[in-house]
Amino acid sequence: MALEIERKFLIHGLEWKSAATSCSFLRQGFISIGPEGVVRVRLIDDQGVLTIKGPARGTVRAEYEYEIPARDAAQMLEELCQRPLIEKTRYRVSFGGLLWEVDIFAGENEGLCVAEVELEEEGQQIELPPWVGSEVTGDPRYYNSSLVRNPFSRWRSEKTDR
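Residues numbered from 1 in each chain as written. Predicted model: local features only at pLDDT ≥ 70, side-chain atom pairs only at ≥ 80, totals over all residues. Heavy atoms only, no water.

Engineer: In this structure, what is going on with the overall build of the protein chain? I would like to understand it.
Structural biologist: The number of helices and strands found in the protein chain is 2 helices and 9 strands. When the elements of the protein chain are put in sequence order from the N terminus, they spell out β-β-β-β-β-α-β-β-β-β-α. In terms of overall size, the protein chain behaves like a compact globule, its C-alpha atoms giving a radius of gyration of 15 Å where 162 residues would be expected to give roughly 15 Å. Taken along the three principal axes of its C-alpha coordinates, the protein chain extends 40 × 35 × 30 Å. Counting every position in the protein chain, which comprises 162 residues, the buried fraction comes to 48%. Considering only contacts within the protein chain whose residues lie at least 6 apart along the sequence, 61% involve residues at least 24 apart. Accessible surface for the protein chain amounts to roughly 8,500 Å². Of this, 48% is attributable to carbon and sulfur atoms. (Helix = DSSP H or I, 4+ residues; strand = E, 2+ residues; numbered from the N terminus. Rg over C-alpha atoms; globule rule 2.2 N^0.38 Å. Buried < 20%, exposed > 50% of the residue type's maximum accessible area, 1.4 Å probe, protein only. Contact = heavy atoms within 4.5 Å. Areas by Shrake-Rupley, 256 points an atom, 1.4 Å probe, with all protein chains shown as cover.)

This is how it looks when you write it as structure tokens:
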């Protein structure tokens, strides 16, 4: 079984940006969102990806990812996915021997900035970069699938700094 083991943090400041090695623009949508998992379509620059994820159990979840034609991904985003679509720029930043992905959201989730790091095993010890803040790994509000139902622009009390 393919597993995703991931931790997610809010970020503050722009210190991370000078260490970014690359960036991509992502548009993604969800064909299905439910307690048993999600089916997601993503267009990363000009690459299409179909992903099926099981329910999160702490930092671990089943994940199956398949490359699909960009044209198919674009059509699925327009015709099959729930609204709003998730739009974000993803920066890759190396720190502490790991690759961090910093997502700067746009559209209805503008203002939300998070960093994710994928791990080899659950409970793996990591060094936190100075630009990460609160951990939000277990908070379902920060799941991309939740941001479709309740976009960050509708949140009242919690904002993050860029």
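There is more to say, and it comes next.
Engineer: Quick question: what am I supposed to make of the side chain of D103 here?
Structural biologist: By secondary structure assignment, the location of D103 is in strand β7 (residues 98-106). Residue D103 is classed as buried on the basis of its relative accessible area of 0%.

Engineer: Sorry, what's going on with the packing of aromatic side chains here?
Structural biologist: Think of a pair of aromatic rings as described by two things: how far the centres are apart, and how the planes are tilted against each other in angle. Summed over all chains, the structure comprises 5 aromatic pairs. Taking the centre distance of 5.9 Å and the plane angle of 75° together, the rings of W100 and W131 count as edge-to-face. Of the two residues, W100 is situated in strand β7 and W131 in the loop between β8 (113-118) and β9 (132-135); the sequence distance between them amounts to 31 residues. Three or more aromatic residues joined by ring pairs make a cluster, and in this case those are F9, W100 and W131. We note R141 situated over the ring of W155; from NZ or CZ to the ring centre the distance is 5.2 Å. (Phe/Tyr/Trp six-rings, centres within 6.5 Å; stacked < 30°, edge-to-face > 60°. Lys NZ or Arg CZ within 6 Å of the ring centre and 35° of its normal.)

Engineer: Looking at this model, I keep getting lost on the environment of Q82. Mind explaining?
Structural biologist: Among the secondary structure elements, Q82 is positioned in the loop between α1 (70-79) and β6 (86-95). Residue classification places Q82 among the partly exposed residues on the basis of a relative accessible area of 28%. In this structure Q82 touches F30, I31, S32, I33 and V148, once residues within four positions along its chain are discounted.

Engineer: Please clarify how unusual backbone geometry should be interpreted in this entry.
Structural biologist: For residues other than glycine, phi is negative in most cases, and the peptide bonds are mostly trans. Here R83 and P84 are connected by a cis peptide whose omega angle stands at 0°. Along the chain, P84 turns up in the loop between α1 and β6. Although it is not a glycine, D45 adopts a positive phi angle of roughly 55°. Inspection of the secondary structure assignment puts D45 in the loop between β3 (37-44) and β4 (47-53).

Engineer: How should I be thinking about the pattern of salt bridges in this particular structure?
Structural biologist: Between side chains of opposite charge, a pair can form when the charged atoms approach closely. The final tally for this structure, using the stated rule, is 13 salt bridges. Each of K8, K88, R90, E101, D103 and E116 takes part in salt bridges that share partners, so that together they form one network. (Salt bridge = Lys/Arg side-chain N within 4 Å of Asp/Glu carboxyl O.)

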